[in-house]
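Structure at a glance
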Amino acid sequence: MSYITEEEMNDISTYILLPLLLDLVGKYMWFPDITPLNHLHPDQFQQLLDMITIDHIEVKQRLKAAKIKVEKNWKGGPSLDYKIFVRGYEENHFYWRNAVKA
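Remarks on a nonpolar patch on the surface
Among the surface-exposed residues, Met 29, Trp 30, Phe 31 and Ile 34 lie close enough to one another that they form a single nonpolar patch of about 540 Å² accessible area. With respect to the helices and strands, Phe 31 occurs in the loop between helix H1 (6-30) and helix H2 (42-65).

Set out below in structure tokens:
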């Protein structure tokens, strides 16, 4: 039984994936010619990073207001594991590393 609504689950996924995207775009910024973002002007990379950061802050605030806490529970291996604490309950959530990279 899930104690998390679909909207909250979308926020949790967004909260988990945005820092990974932020890191990826930051790496792309250094070698843009060999990345899928090679069409961006150098200033646009910073704008993109700023937009991702703002989105992450907003979703973090929504989760805090809903009393949802997300913690990394990485054990190594093929998945990224998280524990989600929501209104007195605990759930496990994971992503396959290859799916995230894709």
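Side note on the side chain of Glu 8
Relative to the elements of secondary structure, Glu 8 occurs in helix H1. What makes Glu 8 buried here is its relative accessible area of 14%. Only 3.1 Å separates the side chain of Glu 8 from the backbone nitrogen of Thr 5, close enough to count as a polar contact. Residues in contact with Glu 8, not counting those within four places in the same chain, are Tyr 3, Leu 63, Ala 66, Ile 68 and Arg 87.

What counts as what
Residues numbered from 1 in each chain as written. Predicted model: local features only at pLDDT ≥ 70, side-chain atom pairs only at ≥ 80, totals over all residues. Heavy atoms only, no water. Patch = residues over 30% accessible without salt bridge, like charges linked within 9 Å, V, L, I, M, F, W, Y side chains within 5 Å. Areas by Shrake-Rupley, 256 points an atom, 1.4 Å probe, with all protein chains shown as cover. Salt bridge = Lys/Arg side-chain N within 4 Å of Asp/Glu carboxyl O. Helix = DSSP H or I, 4+ residues; strand = E, 2+ residues; numbered from the N terminus. Buried < 20%, exposed > 50% of the residue type's maximum accessible area, 1.4 Å probe, protein only. Polar contact = N/O pair within 3.5 Å; in protein donor to acceptor, adjacent residues only side chain to side chain. Contact = heavy atoms within 4.5 Å.

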